[in-house]
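The lines below spell out each chain.
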Amino acid sequence: MHRRGVGAGAIAKKKLAEVCYIMSKQIETFKSHLEEFASKHKQEIRKNSQFRVQFQEMCATIGVDPLASGKGFWSEMLGVGDFYYELGVQIIEVCLALKHRNGGLITLDELHQRVLKGRGKYAQDVSQDDLVRAIKKLKAMGNGFGMIPVGGSYLVQSVPAELNMDHTVVLQLAEKKGYVTVSEIKEHLKWERERSCHVLDHLLKEGLAWLDSQAAGEPQYWLPALFSEISSRDVTPDEANQMTP
Amino acid sequence: MSFEWPWQYNFPPFFTLQPNVDTRQKQLAAWCSLALAYCRHHKLYTLDVMESQESPVFNNKKIERKLSTEAIQVVFEELRKKGNLDWLDKNKSRCLVMWRRPEEWGKLIYQWVSKVGMINSVFTLYELSNGDDTEGEEFHGLEEWILLRSFKGVKFF
């Protein structure tokens, strides 16, 4: 029997095994350094959002997700999991409380403001980066959450409304003034009238937009989520009574 | 104390009757609250539909939006269904606004009467609404027609 190239193949295999062994040892070492670092700086991680960002980025480079599951070394040791879990709950509460006003769409800014307010003066510092991470977790858990990039930030969607690319792009267009018209859509996106109306009708149907037929020229479609006056107003007891269950 | 407008008041679409059914429900509920709160604040008991169109409640000059007569009628009909409004005429041009329902007034008055230990005494309507004793009570200054309605179902005698 002819076993051609056996020697070369076996050597290559051995080399590969060696390299893998060395690499895994290095990763082990790196991991244990990271564990040591984490335990020393546990307080920092909980209190300082800048620190959290850097820590998260470090973990990402070695392929570790501190938020991967409720149990496990990372979340138990650091309480990082707890922090984001609690934040996720708070985010859901804020979104639910305001859903009747904005149809389930809220700017990241307003969400941030209200979360900070809810945590009080002495609560831990929470950054927008923290919110984005917590929302990503919520999204992965299938809570109907999503984030739509608009005007340099995000709109956070907390109800599973069917929003496709067309809807998203119109939302982004509306971000500047808080409303949008058919003409503006046709002008900026170069769409036909029918496509523009279709999208706007859908936003009305999902309760994300309200119609203003008294605007000069043509009807305007306003999004409560983008209406800046809303962000400063608390939900009044009257409003609370009006919320549909 | 000046009247505090809700956020919807400065939201232009609030003055357009919404085509989406769910949104319209929320809108009407907010309008009912606003109308009643405004009437309570200014101690208004009757409204004329024609005049209402020009009232600041339904006409926000700052944002140049106002509720149409048709929309005002819809809001009034909602209030009527909730027991906060009664039409004075068949043409539905004038109405009584009860930002507190008669039964609620009746209860308040009864509570005051028992507080001052006057059950089984005789009061004139005038004494109740304008007497010195009742100054500071919420029902002080209440118009006669609503006082009368508030007694229905409350056993005073």
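Computed from a predicted structure; not experimentally measured.

A. Expanded view of the pairing of strand S5 (residues 94–97) of chain B. Residues and elements named next belong to chain B. Pairing between strand S1 (residues 46–48) and S5: 3 bridges, direction antiparallel. Counterpart to leucine 47 in the pairing with S5 is cysteine 95. In the sheet, strand S4 (residues 85–87) pairs with S5 via 3 bridges, with the strands oriented antiparallel. Each residue of the ladder has a partner; that of tryptophan 87, found in S5, is cysteine 95. Hairpin connection, S4 to S5: the antiparallel pair is bridged by 6 residues, and lysine 92 has positive phi, about 55 degrees.

B. Spatial organisation of the packing of helix H8 (residues 165–174) of chain A against helix H10 (residues 193–205) of chain A. Residues and elements named next belong to chain A. As a packed pair, H8 and H10 sit with axes 10 Å apart at the nearest point and diverge in direction by 85 degrees. By the angle between their axes, H8 is roughly perpendicular relative to H10. Across the interface between the two elements, Asp166, His167, Val170 and Leu171 of H8 pack against Arg195, Val199, Leu200, His202 and Leu203 of H10. Tallied by class, the residues present in the contact of H8 with H10 amount to 5 nonpolar, 2 polar and 2 charged.

C. Broad picture of the sheet that holds S5 of chain B. Residues and elements named next belong to chain B. With respect to topology, 3 strands assemble into an open sheet ordered S1-S5-S4, the strand pairing being antiparallel. Edge positions in the sheet fall to S1 and S4, since each has one partner strand and no second. Taking each pair of neighbouring strands and ignoring which way they run, the sheet shows an average axis angle of 30 degrees.

D. Here's a closer look at the packing of helix H9 (residues 182–189) of chain A against H10 of chain A. All names here are of chain A. Orientation of H9 relative to H10, taken along the N-to-C sense of each, is 120 degrees, at an axis distance of 9 Å. Classified by the interaxial angle, the pair formed by H9 and H10 is oblique. Judged by the twist between their axes, the crossing of H9 over H10 is right-handed. Here H9 contributes Val182, Ile185 and Lys186 to the contact with H10, which in turn contributes Arg193, Ser196, Cys197 and Leu200.

E. Structural context of the interface of chain B and chain A. Taken together, the contact pairs 23 residues of chain B with 23 residues of chain A. Each partner contributes to the roughly 2,000 Å² buried at the junction of chain B and chain A, and carbon and sulfur atoms together form 57% of this total. Among the residues chain B hides against chain A, the three largest losses belong to Trp7, Phe11 and Lys26 of chain B. Together they make up 34% of the total. The interface formed by chain B and chain A includes 1 salt bridge. A salt bridge links aspartate 212 of chain A to arginine 65 of chain B; the nearest nitrogen and oxygen atoms lie 2.7 Å apart. Counting across the interface, chain B meets chain A through 7 residue pairs in polar contact (both at pLDDT 80 or more). Those elements that place two or more of their residues in the side of chain B that touches chain A are helix H1 (21–41) and strand S3 (65–66) of chain B. Residue classes in the side of chain B that touches chain A are distributed as 11 nonpolar, 8 polar and 4 charged.

Definitions and limits used
Residues numbered from 1 in each chain as written. Chains lettered and ligands numbered in written order. Predicted model: local features only at pLDDT ≥ 70, side-chain atom pairs only at ≥ 80, totals over all residues. Heavy atoms only, no water. Pairing = 2+ DSSP bridges. Helix = DSSP H or I, 4+ residues; strand = E, 2+ residues; numbered from the N terminus. Axes fitted to C-alpha atoms, helices over the stretch in contact; angles between N-to-C directions. Parallel < 35°, antiparallel > 145°, perpendicular 65-115°, else oblique. Contact = heavy atoms within 4.5 Å. Nonpolar A, V, L, I, M, F, W, Y, C, P; charged D, E, K, R; others polar. Left-handed = near helix turned anticlockwise from the far one by under 90°. Buried area = accessible area lost by both parts, 1.4 Å probe. Salt bridge = Lys/Arg side-chain N within 4 Å of Asp/Glu carboxyl O. Polar contact = N/O pair within 3.5 Å; in protein donor to acceptor, adjacent residues only side chain to side chain.

In short, the description is geometric, and any link to function would need to be established separately.
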